[in-house]
Amino acid sequence: MVLLSPQYQQVTVRLAEVDCPEKSQAFGQAAKQFTSDLCFGKMVKLIVNNTDRYGRTVGWVELEDGTSINKQLVKNGYAWQYRAYSKSMELAMLEQQARQNRLGLWQDANPTPPWNFRKGERENRVAKKETKLKKKRTYRKRRRKHVDTLAF
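About the thresholds
- Residues numbered from 1 in each chain as written.
- Predicted model: local features only at pLDDT ≥ 70, side-chain atom pairs only at ≥ 80, totals over all residues.
- Heavy atoms only, no water.
- Helix = DSSP H or I, 4+ residues; strand = E, 2+ residues; numbered from the N terminus.
- Phe/Tyr/Trp six-rings, centres within 6.5 Å; stacked < 30°, edge-to-face > 60°.
- Buried < 20%, exposed > 50% of the residue type's maximum accessible area, 1.4 Å probe, protein only.
- Expected span 1.5 Å × (residues − 1).
- Arc of directions from axis to C-beta.
- Contact = heavy atoms within 4.5 Å.
- Polar contact = N/O pair within 3.5 Å; in protein donor to acceptor, adjacent residues only side chain to side chain.
- Pairing = 2+ DSSP bridges.
- Axes fitted to C-alpha atoms, helices over the stretch in contact; angles between N-to-C directions.
- Salt bridge = Lys/Arg side-chain N within 4 Å of Asp/Glu carboxyl O.

1. Considerations on the environment of aspartate 108
- When you line up the elements, aspartate 108 lands in the loop between α3 (89-100) and α4 (114-140).
- Residues aspartate 108 and phenylalanine 27, spaced 81 residues apart in sequence, show a C-alpha to C-alpha distance of 9.7 Å.

2. Details of the packing of aromatic side chains
- Scanning all chains against the criterion turns up 5 aromatic pairs.
- Between tryptophan 80 and tryptophan 106 the ring centres are 5.4 Å apart and the planes differ by 70°, which places this aromatic pair in the edge-to-face class. Separated by 26 residues along the polypeptide, tryptophan 80 in strand β6 (residues 80-81) and tryptophan 106 in the loop between α3 and α4 bring together distant segments of the chain.
- When its relative accessible area of 4% is taken as the criterion, tryptophan 80 is described as buried.
- Between tyrosine 82 and tryptophan 115, the aromatic rings sit 5.3 Å apart at their centres with planes inclined by 10°, giving stacked as the arrangement. Placement of tyrosine 82 in the loop between β6 and α3 and of tryptophan 115 in helix α4 is noted, with a sequence separation of 33 residues between them.
- Among the residues examined, tryptophan 115 registers a relative accessible area of 28% and is labelled partly exposed.
- Ring pairing ties together the aromatic residues Trp80, Tyr82, Tyr85, Trp106 and Trp115, which thus form one cluster.

3. Topic: α3
- For α3, spanning 12 residues, the distance from its first C-alpha to its last is 16 Å, which sits close to the expected 16 Å at 1.5 Å a residue.
- The set of residues buried in α3 consists of Leu91, Ala92, Leu94, Glu95 and Ala98. Buried residues along α3 cover an arc of 165° about the axis, so they all sit on one side. Exposed side chains of α3 directed beyond 90 degrees from the buried face belong to Met89 and Gln100.
- Looking at the packing, one finds that the buried side of α3 touches β3 (18-19), β5 (57-63), α2 (69-75) and β6.
- Capping the start of α3, serine 88 holds a side-chain oxygen 3.4 Å from the backbone nitrogen of glutamate 90, two or three residues further along.

4. Regarding the sheet that holds β5
- Strand order in this open sheet of 4 strands is β1-β2-β5-β4, and the pairing throughout is mixed. Because the sheet does not close on itself, it has two edges, and the strands there are β1 (2-4) and β4 (44-51). Direction aside, neighbouring strands of the sheet carry axes that sit 50° apart on average.
- Note that β1 and strand β2 (residues 10-15) share 3 bridges and pair antiparallel. In the sheet register, valine 2 faces β2, and the bridge partner there is threonine 12.

5. Notes on the pattern of salt bridges
- As enumerated under the stated definition, the model contains 7 salt bridges in all.
- Of the charged contacts in the structure, one is a salt bridge between arginine 83 and glutamate 95, with a shortest N-O distance of 3.4 Å. One end of the pair, arginine 83, is in the loop between β6 and α3; the other, glutamate 95, is in helix α3, and 12 residues separate them in sequence.
- Taking relative accessible area as the criterion, glutamate 95 reaches 1% and is therefore assigned buried.
- For the salt bridge of glutamate 95 with arginine 99, the shortest nitrogen-to-oxygen distance reads 2.8 Å. In this pair, glutamate 95 and arginine 99 are both assigned in helix α3, 4 residues apart and thus about one turn of the helix distant.
- By relative accessible area, arginine 99 is classed as partly exposed at 35%.

Here it is as structure tokens:
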């Protein structure tokens, strides 16, 4: 998500403790639309946790009325609790309720978590790259002339 600061600077934010589907993944566009509907054009409060390795600010985003965007995504079935970075019992309960009520991405019988989706995408890119390299190598090979060596 990108926020505009009071100084009109864009701040790229990664929502803390939750992980939404990727754009190309099932419910990715729906999660983006849900988030946009919740907060587009509104004043929000950013509670910063830290910065990730990509330079994004990691934090919680709240609307003026105190509604947490992070929690709303999980509650409505548009995000997983990112258990690798979250120990929140509240988020765990919200996710469990969304699963039971088959909300959002939980409508699918077996939704793929985004961290597994990204891992699969990485593996596919690596496999394609290796295949490309193998093809290049086969074209580069030259047949060497066979020279007999005789010893006297």
